[in-house]
Amino acid sequence: MVHLAEHIEIILTRYVSARQEGDGGQFGKSHNLWTEFERFAEGLRSLAAVQKRPNIEVRWSAGQGNWARVPWVALVYPSETRSIQKGVYVVFLFREDMSGVYLTF
């Protein structure tokens, strides 16, 4: 079983080269980092604290059509948050240079 920190480390290590050079394949669901983001999100969904709250959704984005400069993974309560631009939620924000990640409310 891979821990959440390991998914974060893989993303931090590989994201910049994927964004700049297409390392690991083209942007999209077939890219290995796409799978890593999905595994990270699944890991969050499997946490007991999240499972106790069935209204919480885990959403993420690494971009739309191209790699985002600042990818994110969020825990969203849909009745409070209509979109990532409007609402209240907890989010893992990856730094653009991938030197770290912030957990932000």
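Note that the structure is predicted; figures quoted are calculated from it, not measured.

K.L.:
Can you tell me about the side chain of H7, naming the residues and giving the values?
P.N.:
Here H7 shows up in helix 1 (residues 4-21). Looking at H7, the relative accessible area reads 6%, which means it is buried.

K.L.:
Go over the nonpolar core with me, naming the residues and quoting the values.
P.N.:
Within the largest apolar cluster, 22 residues are counted, with the highest numbers of intra-cluster contacts made by Y15, F37, W60, V73 and F94. Counting residues per element, the ones that place at least two in this core are helix 1, helix 2 (32-45), strand 1 (57-61), strand 2 (72-76) and strand 3 (89-94). By size, the runner-up hydrophobic cluster in this structure holds 6 residues, among which are A74, V76, I84 and V91.

K.L.:
Could you give me a rundown of the environment of N32, with the residues and numbers involved?
P.N.:
Tracing the backbone through its elements, the reader meets N32 in helix 2. Linking N32 and R14, residues 18 residues apart in sequence, is a C-alpha distance of 9.6 Å.

K.L.:
Give a description of the sheet that holds strand 2 that names residues and reports values.
P.N.:
Sheet architecture is open: 4 strands sit in the order 1-2-3-4, paired in antiparallel fashion. Bordering the open sheet on either side are strand 1 and strand 4 (101-104), each of which pairs with just one other strand. Averaged over all adjacent pairs, the angle separating strand axes in this sheet is 15°, with direction ignored. Relative to the sheet, helix 2 contacts strand 1, strand 2 and strand 3, its axis offset from that of strand 1 by approximately 160°.

Reading the values: rules and limits
- Residues numbered from 1 in each chain as written.
- Predicted model: local features only at pLDDT ≥ 70, side-chain atom pairs only at ≥ 80, totals over all residues.
- Heavy atoms only, no water.
- Helix = DSSP H or I, 4+ residues; strand = E, 2+ residues; numbered from the N terminus.
- Buried < 20%, exposed > 50% of the residue type's maximum accessible area, 1.4 Å probe, protein only.
- Core = buried A, V, L, I, M, F, W, Y, C linked by side-chain atoms within 4.5 Å.
- Pairing = 2+ DSSP bridges.
- Axes fitted to C-alpha atoms, helices over the stretch in contact; angles between N-to-C directions.
- Contact = heavy atoms within 4.5 Å.

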